[in-house]
Amino acid sequence: MANILIVDDSRTSRRMLRAILEEMGHVVVGEGVNGEDGFLKFKELKPDLVTLDITMPKLDGIEALQLIRKNDPEAKAVMITAAGQRDKMIAAVKYGAAEFITKPYEKEEVEKVLKRIL
């Protein structure tokens, strides 16, 4: 199973995603509360996969993705998005996002996405 870093400014979202990932057998190695924090934790923890909420303070998910991919071009990132963020999703693909998961989380969707990239 994979070591995963969750980056989201919503504590509730982090908690919900953590529960799904741990139920699947993955290890959540850390949590970031904004894009800047997520990037720093990514460098420190070197997870197999990072989930990045698109809309966050300090650095948004796309800015954090750019820094992460610059630091590690092989980094696997899954963007977390709310409905109606199509332009941001296109930008995230351009900068190397592997996949997307939409909120609210559905366990089946999370499992399907992670199986594709891990």
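All values reported here derive from a predicted model rather than from experimental measurement.

Moving on: the pairing of strand 3 (residues 49-53). As a general feature of sheets, a regular strand has side chains that alternate between the two faces. Within strand 3, five of the five residues are buried, which leaves it mostly tucked inside the rest of the structure. Here strand 3 shows a buried face lined by Leu49, Thr51 and Asp53 and a second buried face lined by Val50 and Leu52. Bridge count for strand 1 (residues 3-7) against strand 3 is four bridges, and the pairing is parallel. Across the sheet, residue Ile4 finds its bridge partner in strand 3, namely Leu49. In the sheet, strand 3 pairs with strand 4 (residues 77-81) via four bridges, with the strands oriented parallel. Counted as the bridge partner of Asp53 is Ile80 from strand 4. Regarding the hand of the β-α-β motif, the stretch spanning strand 3, helix 3 (residues 61-71) and strand 4 is right-handed.

Reading guide: rules and limits
Residues numbered from 1 in each chain as written. Predicted model: local features only at pLDDT ≥ 70, side-chain atom pairs only at ≥ 80, totals over all residues. Heavy atoms only, no water. Buried < 20%, exposed > 50% of the residue type's maximum accessible area, 1.4 Å probe, protein only. Helix = DSSP H or I, 4+ residues; strand = E, 2+ residues; numbered from the N terminus. Pairing = 2+ DSSP bridges. Right-handed = clockwise from strand over helix to strand, strands pointing away.

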